[in-house]
Each structure stands twice: as C-alpha cells, then as structure tokens.
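Residue-level structure breakdown
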Amino acid sequence: DQQVKQNSPSLSVQEGRISILNCDYTNSMFDYFLWYKKYPAEGPTFLISISSIKDKNEDGRFTVFLNKSAKHLSLHIVPSQPGDSAVYFCAASGGSNFGNEKLTFGTGTRLTIIP
Amino acid sequence: DVKVTQSSRYLVKRTGEKVFLECVQDMDHENMFWYRQDPGLGLRLIYFSYDVKMKEKGDIPEGYSVSREKKERFSLILESASTNQTSMYLCASSTGDSPLHFGNGTRLTVT
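Residues numbered from 1 in each chain as written. Chains lettered and ligands numbered in written order. Predicted model: local features only at pLDDT ≥ 70, side-chain atom pairs only at ≥ 80, totals over all residues. Heavy atoms only, no water.

This next bit is on the overall build of chain A. Of regular secondary structure, chain A possesses 0 helices and 11 strands. Going from the N terminus to the C terminus, chain A shows its helices and strands as β-β-β-β-β-β-β-β-β-β-β. Taking the principal axes of the C-alpha coordinates as reference, chain A spans close to 40 × 30 × 25 Å. Residue burial in chain A is summarised as follows: out of 115 residues, 46% are buried. At a minimum sequence separation of 6, the contacts of chain A that also span at least 24 residues come to 56%. Within the structure as shown, chain A displays about 5400 Å² of accessible surface, and the carbon and sulfur contribution to it stands at 48%. For chain A, the separation between the mean place of its 11 positive charges and that of its 10 negative charges on side chains is 3 Å. (Helix = DSSP H or I, 4+ residues; strand = E, 2+ residues; numbered from the N terminus. Buried < 20%, exposed > 50% of the residue type's maximum accessible area, 1.4 Å probe, protein only. Contact = heavy atoms within 4.5 Å. Areas by Shrake-Rupley, 256 points an atom, 1.4 Å probe, with all protein chains shown as cover. Lys, Arg positive; Asp, Glu negative; His and termini not counted. Charge placed at Lys NZ, Arg CZ, Asp CG, Glu CD.)

Enumeration over the complete set of coordinates arrives at 2 disulfides over all chains. Linked covalently through their sulfurs, A:Cys23 and A:Cys90 form a disulfide whose S-S length is 1.9 Å. Its torsion about the S-S bond being 60°, the disulfide of A:Cys23 and A:Cys90 is classed as right-handed. Within this pair, whereas A:Cys23 is found in strand 3 (residues 19-25), its partner A:Cys90 is found in strand 9 (residues 86-93), the two being separated by 67 residues in sequence. Each disulfide pairs two cysteine sulfurs, and for B:Cys23 the partner residue is B:Cys91, the sulfurs being separated by 1.9 Å. With the S-S dihedral at roughly -75°, the linkage between B:Cys23 and B:Cys91 falls on the left-handed side. Placement of B:Cys23 in strand 4 (residues 23-25) and of B:Cys91 in strand 10 (residues 87-94) is noted, with a sequence separation of 68 residues between them. Since its relative accessible area comes to 0%, B:Cys23 is described here as buried. (Disulfide = S-S within 2.5 Å.)

Taken together, the contacts link 20 residues of chain A with 24 residues of chain B. Between chain A and chain B, the buried area comes to about 1700 Å², and carbon and sulfur atoms account for 56% of it. One can count 1 salt bridge joining chain A with chain B. The partner of B:Asp59 in a salt bridge is A:Lys102, with the nearest N and O atoms 3.5 Å apart. Where chain A meets chain B, there are 5 residue pairs in polar contact (both at pLDDT 80 or more). Of all the elements in the fold, those that place two or more residues in the side of chain A that touches chain B are strand 4 (32-38) and strand 10 (103-105) of chain A. Ranked by residues supplied to the side of chain A that touches chain B, first place goes to strand 4 of chain A with 3 residues. (Buried area = accessible area lost by both parts, 1.4 Å probe. Salt bridge = Lys/Arg side-chain N within 4 Å of Asp/Glu carboxyl O. Polar contact = N/O pair within 3.5 Å; in protein donor to acceptor, adjacent residues only side chain to side chain.)

This is the structure in structure tokens:
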C-alpha cells in the first residue's frame, strides 16, 4: 500500500520555466514532509521540508506547498536550470522530530530540464 | 559536512551466498537506516537503528538482518541472497533534528 504517491514518473521542462512536482499522501498521521533530490550514482540529498502547521515554505528557487485537506504537496522550482535535472522524491514523517522518525518515500519523479 | 560511506559501489553475488553491506558515518549520529531503491517503488525502509545494539524492523525486513556494534557502523546482512534482492541499497544517518544524510549506494546484483 503506497502511502506516498508521485503519479508522474517523469517531467520535462524548458530551462527558465517553472517546474512543478506533485505528491499525494494517504496517511493523515503524517506531520512533516520533505523533498529529496537524487542524481545518478549518488545518494539522495535533502532539498526542502515543510511542517503540517504551515502551507508554504520557500528556499531560494524552491518552494514547497502543502494542502492538508487534499493531502497534497507540490514542489515548485523557478526558474528551472539544467542542474535541476534529477529524480525528486517526496517523503513523509509522523513527527516534526524527523531525524528520529521513519520516512516514507514516494516513487520519485524524473525531472529533465531542456536547455 | 556529514559523510556516509558505503564500502562497495557495486557487488555481484550468487544465489544463496551470505552478503554483508557495510556503512560508516563520521558525524556521531545516533540514527542509522537501510533503504533499498527499486524502479517504480521508490525507497523502502528495511531496518533502522536508534542506538548501538538497537535495531528496529522497517517496512520490508524479510530476508535481511542488521548489526550495529559501534555507533558509527551499521551493517546490512543478507543471510541467503536471492535474485529478488537485486537492488540499489542506500544507507543513511541522522540526528534528532536533522534530515537523513545518505551514502552513495551499493548496487547489488544477485545471479
């Protein structure tokens, strides 16, 4: 049973435009959400997170939006750059002390930025 | 900067072999995790540990065991490797208020 779902396996976006990656979850006990980025032959690296008490968190070109009633979050990247080409995983945790919690990951979306 | 080191990048083993995947972190993190990554399935948690000699089952522990004799080292053991354990294995570590830091992964092929 996939509790965290990323329904788009791949996405292609023109350089300079906005990239929007989506993630849905089913477990209402999830309290903290994270996005990880993964390049080939490397481990995932943390990108940005959001607590369920917020609906938006911004860090430079990256913004994460959370809609708790819809159990949906999205990652916006603007403007998109070639170095953003990677696989993006969303992940969810049952607590804000997320370093101590198990993370449940989505299946990933491969983002390709077209120069 | 946190460094999580997985001893092998690529491994090829035969069915039935006992396989050890080693992971070492250098930041004195209490928590360590083993995930596997498969196409279309994302990252799935196998085992994790909050302290030395402690271990907890993740979502898919069957066919695996772990060992944490020292704080910095977390080993994943495949008691009798099978072809369905061919995968990318990712080790991670964290402390209470930090996100997971991952190693670069070990791609295991069981033939």
